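Reading the structure
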2 protein chains.
Amino acid sequence: MYAEVMSARDQLIASTQDLLWERGYVGTSPKAIQQRAGAGQGSMYHHFAGKADLALAAIRQNAADLRASAEAAFAQGTTAVERVSAYLLRERDVLRGCPVGRLALDPEIVANPELRAPLEETFDWLRGRLAEVLAEGIANGELPADLDPAATATALVAVLQGGYVLARSSGTVEPFDQAIRGALALLERR
Amino acid sequence: MYAEVMSARDQLIASTQDLLWERGYVGTSPKAIQQRAGAGQGSMYHHFAGKADLALAAIRQNAADLRASAEAAFAQGTTAVERVSAYLLRERDVLRGCPVGRLALDPEIVANPELRAPLEETFDWLRGRLAEVLAEGIANGELPADLDPAATATALVAVLQGGYVLARSSGTVEPFDQAIRGALALLERR
DNA sequence: GTCTATAATACGATAGAC
DNA sequence: GTCTATCGTATTATAGAC
């Protein structure tokens with residue numbers, strides 16, 4: 001993906017992805033998007049119907065990117081705990097937060113079913129994928145039989161999303177790391 | 001606290017608390033605050049230096065309110081697990097999210113040390129308070145000796161904050177409840 | 001496809017009357 | 001203390017030329 005060969009349309013989507021991540025939907029203006037993309041208003045309104053339409057394309061791309069990188073992490077390790085750990089401990093720009101989860105706090109995203117749908121689908125997929133890995137661990141005796149895969153998976157995803165909140169509140173990565181460590185310790189010793 | 005006897009100043013703070021919770025700092029305009037408070041611009045700029053000054057008063061009040069209601073929950077129950085559960089399971093307006101954690105995703109809050117400070121203090125206090133309760137449980141043999149109280153406490157606070165994110169993404173309370181259930185199951189069976 | 005011009009409204013704040 | 005008037009800028013588009 002070379003910036004020089006990206007079409008104006010793709011540049012606009014990429015810039016919107018960045019700005020939604022950084023400032024959310026409410027805090028992102030079409031003007032800021034255009035400036036970052038190096039495109040004018042005419043270009044933007046030619047390719048997209050407006051702010052919401054462009055945001056939809058960017059959110060879908062953010063969701064697809066997250067899914068791809070999560071899938072890559074799950075492929076690492078052999079045991080269930082190793083694969084879960086690989087996902088939880090993978091490199092992240094913690095203080096930047098999650099590009100998808102971040103949008104769940106935005107009132108105009110949540111109020112718009114079309115804009116919210118990619119968030120719901122992404123987290124449903126992630127929780128399901130993690131639950132599968134945990135279920136494998138239960139099936140082969142690595143994890144206890146009374147562990148609820150779905151509830152545990154949801155708790156682990158929540159630890160991640162909440163870890164971002166605590167890290168940004170404190171201005172450091174420390175609470176994020178501690179939350180992950182605490183959650184993994186609870187899981188591993190069961 | 002009767003609305004009829006609240007001063008214009010207190011009305012402005014209360015309205016700002018609501019709007020920050022709902023729309024964040026970036027998404028909240030002085031005009032909206034004034035309208036909700038039933039106060040004019042003159043009144044607002046008489047009592048506060050500007051948007052940031054008013055937001056600081058509202059954020060501090062949000063933090064104080066959260067702390068008070070958390071302390072009330074911790075007072076319930078006798079065993080450590082009961083007290084932790086009482087806090088995690090207390091009634092919440094889940095789809096509204098956390099009035100304090102919500103602000104951690106706002107770029108202008110995080111960029112302003114004065115506005116971020118109440119967030120950091122609130123979560124430091126909450127993690128410490130939870131860690132104390134867990135440490136008591138370890139001391140009296142209710143919880144295993146190898147449990148790290150601080151890391152576990154941070155993980156539990158993260159589950160809450162992340163639960164809000166998942167609930168708002170899905171449009172239902174279900175993922176929040178499931179995350180809490182999953183986390184408590186991991187803690188109780190250790 | 002992209003440009004510039006224009007529009008109606010909102011933002012965040014200040015000024016000065018009352 | 002609160003009011004209205006005003007300010008300069010930003011927002012989210014639309015219109016029409018190129």
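The residue numbers shown here count from 1 along each chain, following its written sequence. Throughout, the order in which chains and ligands are written sets their labels, letters from A for the former and numbers from 1 for the latter. Given that this is a predicted model, residues contribute local features only at a pLDDT of at least 70 and side-chain atom pairs are listed and counted only at 80 or more, while totals for whole chains, interfaces and linings are drawn from all residues. Hydrogens and water molecules were not included; the side-chain quantities draw on all heavy atoms of the structure.

Within an unreviewed UniProt entry, the label attached to chain A reads TetR family transcriptional regulator, and the organism entered is Amycolatopsis echigonensis.

Time to look at the packing of aromatic side chains. Residue and element names in this part refer to chain A. The criterion for an aromatic pair is that two Phe, Tyr or Trp rings (for Trp, the six-membered ring) have centres within 6.5 Å, with stacked assigned to planes under 30 degrees apart, edge-to-face to planes over 60 apart and tilted to the rest. With the rule as written, the count across this model stands at four aromatic pairs over all chains. When the ring of Tyr164 is compared with that of Phe176, the centres are 5.1 Å apart and the planes differ by 35°; the resulting orientation is tilted. On the criterion of sequence distance, the pair formed by Tyr164 in helix α8 (residues 149-170) and Phe176 in helix α9 (residues 174-188) is long-range, its members being 12 residues apart. In this structure, Tyr164 and Phe176 share a single accessibility class: buried. Secondary structure counts use DSSP, requiring at least four H or I residues in a row for a helix and at least two E residues in a row for a strand, with both numbered from the N terminus. Three exposure classes are used, based on accessible area relative to the maximum for each residue type with a 1.4 Å probe and protein chains only: buried under 20%, partly exposed in between, and exposed over 50%.

Frequently, the measure chosen for interface size is the accessible area removed from exposure when the parts meet. In what follows, residue pairs with any heavy atoms lying within 4.5 Å of each other are defined as contacts. Contacts between the two partners involve 49 residues from chain A and, on the opposite side, 49 residues from chain B. Carbon and sulfur atoms supply 63% of the area buried between chain A and chain B, which totals about 4,000 Å² over both sides. In terms of surface lost to chain B, no three residues of chain A exceed A:Leu105, A:Arg168 and A:Leu186, which account for 18% of the buried area on that side. Only one rule defines a salt bridge in this text: a Lys or Arg side-chain nitrogen within 4 Å of an Asp or Glu carboxyl oxygen. One can count four salt bridges joining chain A with chain B. Between A:Glu108 and B:Arg23 there is a salt bridge whose closest N-O contact spans 3.3 Å. Counting of polar contacts relies on pairs of N or O atoms within 3.5 Å, with two restrictions inside protein: one atom must be capable of donating a hydrogen and the other of accepting it, and residues adjacent in sequence are counted only when both atoms are side-chain atoms. At the junction of chain A and chain B, the tally comes to 16 residue pairs in polar contact (both at pLDDT 80 or more). Listed by contribution, the elements that provide at least two residues to the side of chain A that touches chain B are α1 (8-23), α6 (107-110), α7 (113-139), α8 and α9 of chain A. For the side of chain A that touches chain B, a count of residues per class yields 22 nonpolar, 12 polar and 15 charged. Defined in terms of a 1.4 Å probe, buried area is the accessible area two parts forfeit on being brought together, summed over both. The classification used treats Ala, Val, Leu, Ile, Met, Phe, Trp, Tyr, Cys and Pro as nonpolar, Asp, Glu, Lys and Arg as charged, and all other residues, Gly among them, as polar.

Now for the protein's contact with DNA strand D. Nearness of a residue to a molecule or strand requires only that one of the residue's heavy atoms be within 4 Å of it. Around DNA strand D, the surrounding shell holds 14 residues, and the nearest of these are A:Pro30, A:Gln41, B:Gly42, B:Ser43 and B:His47. Of everything in DNA strand D that lies within 4 Å of the protein, sugar and phosphate atoms constitute 60%. A:Lys51 places a polar main-chain atom, nitrogen or oxygen, 3.2 Å from a phosphate oxygen of DNA strand D. Side-chain polar atom of B:His47 to a phosphate oxygen of DNA strand D: 2.8 Å apart, as the coordinates give it. At the level of secondary structure, the elements contributing two or more residues to the surface near DNA strand D comprise α2 (30-37) and α3 (41-47) of chain A together with α3 (41-47) of chain B. The element that contributes the greatest number of residues to the surface near DNA strand D is α3(B), accounting for five residues. Its residues placed into classes, the surface near DNA strand D shows three nonpolar, nine polar and two charged.

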